[in-house]
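Chains, contacts and geometry: an overview
Residue-level listing of the chains:
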Amino acid sequence: MSNQHAPIIQTIVKVVDRREIVDGIFNLILQAPEIAYRSAPGQFINIRCGEGCVPLLRRPFSISRVDGELIELMFNVIGHGTRMLSSKRTEDTLDVLGPLGVPFGIAGDYETALLVGGGLGIAPFPFLTDFLLKQKKEIVTFVGARTGRQISERHMTNVHVATDDGTRGLRGTVVDLLKKYLSGKPSKRHKIFGCGPTQMLKALSELASASSVDCELSLEGDMACGMGICQGCPVERADGKKKYALVCTEGPTFNSNDIILR
Amino acid sequence: MIESFSIRGVEFRNRVLVASGTFGYGDEVKDLVDVNELGGICTKSLSWKPRDGNPPRRIVETPSGMLNSIGLANIGVHAFIEEKLPYLRTLNTAIIANIAASSIQEYCDVLNLLEQQEGIAGYEINISCPNVKEGGLNFGTNCDMTRQITARLRPLTQKPLIMKLTPNVTHISEFARAVEEAGADAVSVINTLIGMAVDIRARKPKLSTVTGGLSGPAIKPIALAKVYEVAQVVKIPIIGIGGIMTAEDAVEFLLVGASAVQIGTANFIDPATGVKVADGLRAFAETQGLSDVGQLVRAMESNIQFSVIQSWL
Ligand SMILES: Cc1cc2nc3c(=O)[nH]c(=O)nc-3n(C[C@H](O)[C@H](O)[C@H](O)COP(=O)(O)OP(=O)(O)OC[C@H]3O[C@@H](n4cnc5c(N)ncnc54)[C@H](O)[C@@H]3O)c2cc1C
Ligand SMILES: Cc1cc2nc3c(=O)[nH]c(=O)nc-3n(C[C@H](O)[C@H](O)[C@H](O)COP(=O)(O)O)c2cc1C
Ligand code: FES
């Protein structure tokens, strides 16, 4: 939970491309050199989706991948802001703030990184995968979704799948899938990187501690500012020194031992 | 173009400040904004001891606005003095320490401690706080209590004492009159309005505390009416707050009676809003052929007497 403070940039970026990659999941590619060159996996950007008062606040999105001066986002449409983003066209511009937050802690003497994503929790994994491959880490990826049509494996490697309806891979949760994988394997060689809904992260965190595997989590949550000025994004700390940490500036990535999810 | 104004001898370089709780302690966004271009910075509310704040969820967006239930999370006045004030002191803008407390004594203690420090231009008192002695009733919704806090703080400082009023009362003008009589140098109008939002599927309130404070453009018409109401009864300067996003919004506040404005929620969207509003105010005054932005203050033309309006309500 380092409170590092890389300079944040506010910039107008151009939409290079927007695609629906699988059912209801969009990829938005932005030309954002200043952000692309300084960001690391686990960080996010805060986007002004429209110009007026609806939606009023910016919307946070993980940096899904960096390719030269391009950054890629991955999102699904859940409300007004994401609907507006899903209808952006090439050459449209967006006002973005970033890079924000603390990157995943990728240090450690593990050999195999276990990337565990529920739903859109996979968003930061392409960027993380590129990074870990450069560090010569082995990667196994676990992806969970409601149904098989919502699974994307783009820019991920060694993907195992679980779906709620059993249309692809294991019928069950992504945490069940990981549990099966871990059973019988020595724990020292692994490090888990998890991202997804809070209840999934909670289960993941419990599994990690039961199997003594080091675990980094990326949290989602409501944010008004994304840069530490509103105090709107608390998560409970485990060390008791202070009650809460701020997800936007002390996270969104945390070691699972440092926080308490409810 | 004259942009500055003063309260009790303290000069503000322009009439646009940033509102408490929406600009942190001034150091978080220094990469993004030239804070020296602001008229002033109101700090996050400071209490004697650090406060953890409320459990999540603390933030909900609503149409053209947002609800917050931060619970006055802050680092406490001691850490403020040690960790934040040295940086704030280097700035060329007025630093207004905003104080929150759960007893009158705590307000006095925090102010007394800050009085011993260099670099604070004045105080803004947040009275939208639960009074622990009175079973958690809000100080700011009790006129007598509001007057008492002002009267107790007044002799403790020669610096500007600005009372920040809550709109969650029947007649805010009574409160404004009370603090003027008790010696306040200015009033900030308004703090957030009580509001709520419900998760219909879970059948639960969205905020952990059920209700929270509404802010943003949604409250601007209410805030304007409150400033207008207060302007009818007090002579001390009014600092208008509520939903300001643009210079045009700020002009409205000046016209109805504000001497200055504060930018709140808009900082979350663009932390440079305050600087842009200050630039826009200057430009607007120029196009109006004015020599001083202050010529806009209380300059609304209206034939209708306030008493008439009041009787309609
Ligand atoms: C650090 C961070 C990184 C994120 N990265 C991604 C990403 O890479 N891809 C992605 O698709 N999403 C991501 N999110 C979530 C994303 O920010 C929200 O989906 C987005 O804000 C929704 O905006 P909207 O205007 O479309 O929906 P809104 O109109 O704001 O919300 C619609 C409904 O969804 C609920 N809701 C809103 N946000 C969330 C949330 N975070 N979790 C659960 N329910 C929510 C609301 O309460 C409401 O009921 C991230 C969030 C954070 C904090
Ligand atoms: C997240 C948030 C935190 C706030 N914290 C404080 C605070 O600590 N002290 C205070 O006096 N006002 C606080 N306010 C109120 C603002 O200073 C301002 O009065 C109010 O938001 C209305 O202005 P706006 O519509 O421009 O935001 C807070 C407002 C918000 C949105
Ligand atoms: S979102 Fe504002 S402090 Fe984290």
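Quantities reported herein were computed from a predicted structural model and do not represent experimental measurements.

With that out of the way, let us pick up the domain arrangement of chain A. All names here are of chain A. Each assigned domain of chain A is listed with its residue range as follows: domain 1 (9-100) and domain 2 (112-260). Look at where the C-alpha atoms of domain 1 and domain 2 centre, and you get two points 21 Å apart. When the buried area of domain 1 at its contact with domain 2 is split by residue, P41, R65 and M74 rank highest and sum to 26% of it. In this assembly, domain 1 and domain 2 are joined by three salt bridges.

Before going further, it helps to examine the packing of helix α3 (residues 143-153) of chain B against helix α4 (residues 172-181) of chain B. All names here are of chain B. Interhelical geometry of α3 versus α4 gives an angle of 25° and a closest axis separation of 8 Å. In terms of their interaxial angle, α3 and α4 are classed as roughly parallel. For the crossing formed where α3 meets α4, the hand is right-handed. Facing α3, whose interface residues are C143, T146, R147 and T150, α4 presents E174, F175, A178, V179 and E181. Taken together, the residues that form the contact of α3 with α4 break down as four nonpolar, two polar and three charged.

Another point: the nonpolar core. Counting residues in each nonpolar core, the largest one holds 129 residues, and the members touching the most others are Y107, L114 and I125 of chain B. Of all the elements, helix α2 (residues 104-115) of chain B adds the most residues to this core, at seven residues. A domain-level breakdown of this core finds at least three residues from each of domain 1 (9-100) and domain 2 (112-260) of chain A. When residues no more than four places from it in sequence are discounted, the contact partners of I125 of chain B are I99, Y107, L111, I149, L153, L161, I162, M163 and K164 of chain B. In this structure, V22, A113, V143 and C195 of chain A belong to the second largest nonpolar core, which totals 22 residues.

So, on to the packing of aromatic side chains. Tallied over the full model, the rule gives nine aromatic pairs over all chains. Both rings, one in F127 of chain A and one in F131 of chain A, keep their centres 6.3 Å apart while their planes meet at 85°; by these two values the pair is edge-to-face. Here the residue F127 of chain A and the residue F131 of chain A both occupy positions in helix α3 (residues 125-134), the gap between them amounting to four residues, near one helical turn. We classify F131 of chain A as partly exposed; its relative accessible area is 28%. Grouping aromatic residues by their ring pairs yields a cluster made of F26, F61 and F75 of chain A. Note that K137 of chain A overlies the ring of Y110 of chain A, its terminal NZ or CZ placed 4.1 Å from the centroid. Sitting over the face of the ring of Y244 of chain A, R58 of chain B holds its NZ or CZ atom 5.0 Å from the ring centroid.

Before going further, it helps to spend a moment on the site of ligand 2. In the neighbourhood of ligand 2, 24 residues make up the surrounding shell, with S20, S45, K164, G243 and T265 of chain B lying closest. Two or more chains meet at ligand 2, and those chains are chains A and B. Backbone polar atom of I190 of chain B to an oxygen atom of ligand 2: 3.1 Å apart, as the coordinates give it. Backbone polar atom of G216 of chain B to an oxygen atom of ligand 2: 2.8 Å apart, as the coordinates give it. In isolation ligand 2 exposes 610 Å². Once the protein is present, 98% of that is buried.

Surveying the vicinity of ligand 1 reveals 20 residues, the closest of which are R59, P60, M74, G81 and T82 of chain A. Around ligand 1, the nearby residues trace back to chains A and B. In this structure, an oxygen atom belonging to ligand 1 sits 2.6 Å away from a main-chain N or O atom of P60 of chain A. Here an oxygen atom of ligand 1 sits 2.4 Å away from a polar atom, N or O, in the side chain of T82 of chain A. Considering ligand 1 on its own, with 900 Å² of exposed area, one finds that the protein chains cover 74% of that surface. Of all the secondary-structure elements, those providing two or more residues to the shell around ligand 1 are β4 (59-62), β6 (70-76) and α2 (80-86) of chain A. The greatest single-element share of the shell around ligand 1, amounting to four residues, is contributed by β4 of chain A. Of the residues contributing to the shell around ligand 1, the split by class is ten nonpolar, seven polar and three charged. Counting only domains with at least three residues in the shell around ligand 1, you end up with domain 1 (9-100) and domain 2 (112-260) of chain A.

Next up on the list: the environment of I29 of chain A. Residues and elements named next belong to chain A. Relative to the helices and strands, I29 resides in strand β2 (residues 25-31). Residue I29 is classed as buried on the basis of its relative accessible area of 10%. Taking the C-alpha atoms as reference, I29 lies 8.7 Å from R19; in sequence the two are ten residues apart. Residues contacting I29, with those up to four places away along its chain left out, are K14, V15, V16, D17, R19, L70, I71 and E72.

Thresholds applied
- Within each chain, residues carry numbers counting from 1 in the order of the written sequence.
- Written order determines the labels here, with chains lettered from A and ligands numbered from 1.
- Restriction of local features to residues with pLDDT of at least 70 applies here, the model being predicted, together with a cutoff of 80 or more for giving and counting side-chain atom pairs; totals for whole chains, interfaces and linings are based on all residues.
- Here the side-chain values reflect all heavy atoms present in the structure, with hydrogen atoms and water set aside.
- Delimitation of the domains relies on an automatic or database domain assignment.
- The buried area of a pairing is the accessible area, by a 1.4 Å probe, that goes missing from both parts when the two are put together, added over both.
- For this analysis, a salt bridge means a side-chain nitrogen from Lys or Arg found within 4 Å of a carboxyl oxygen belonging to Asp or Glu.
- Here, axes are lines fitted to C-alpha atoms. For helices the fit covers the stretch in contact, and angles between N-to-C directions go from 0 to 180 degrees.
- Runs of E in the DSSP output that reach at least two residues are strands. Runs of H or I that reach at least four are helices, and both are numbered from the N terminus.
- An angle counts as roughly parallel when it lies under 35 degrees, as roughly antiparallel when it exceeds 145, as roughly perpendicular when it falls between 65 and 115, and as oblique in every other case.
- Left-handed describes a crossing in which the near helix is turned anticlockwise from the far one by less than a right angle; the clockwise case is right-handed.
- Should any heavy atoms of two residues lie within 4.5 Å, those residues are considered in contact.
- As a working rule, the residues Ala, Val, Leu, Ile, Met, Phe, Trp, Tyr, Cys and Pro are called nonpolar, Asp, Glu, Lys and Arg charged, and the rest polar, with Gly in that last group.
- Here, nonpolar core means buried Ala, Val, Leu, Ile, Met, Phe, Trp, Tyr and Cys residues that are tied together by side-chain atoms lying within 4.5 Å of each other.
- For the exposure calls, accessible area comes from a 1.4 Å probe over protein chains only, and a residue counts as buried if that area is under 20% of its type's maximum, exposed if over 50%, partly exposed in between.
- Stacked, tilted and edge-to-face are the three classes applied to pairs of Phe, Tyr and Trp rings, where Trp contributes its six-membered ring and a pair requires centres within 6.5 Å; stacked means planes under 30 degrees apart, edge-to-face means over 60, and tilted covers the rest.
- Lysine and arginine charges are scored as sitting over a ring when NZ or CZ, respectively, is within 6 Å of the ring centre and within 35 degrees of the ring normal.
- Think of it this way: one heavy atom of a residue within 4 Å of a molecule or strand is enough to make that residue near it.
- In protein, a polar contact requires one atom able to donate a hydrogen and another able to accept it; more generally it is a pair of N or O atoms within 3.5 Å, and residues adjacent in sequence count only if both atoms are side-chain atoms.
- Accessible surface is estimated by sampling points in the Shrake-Rupley manner with a 1.4 Å probe; for residues, cover comes only from the protein chains shown.

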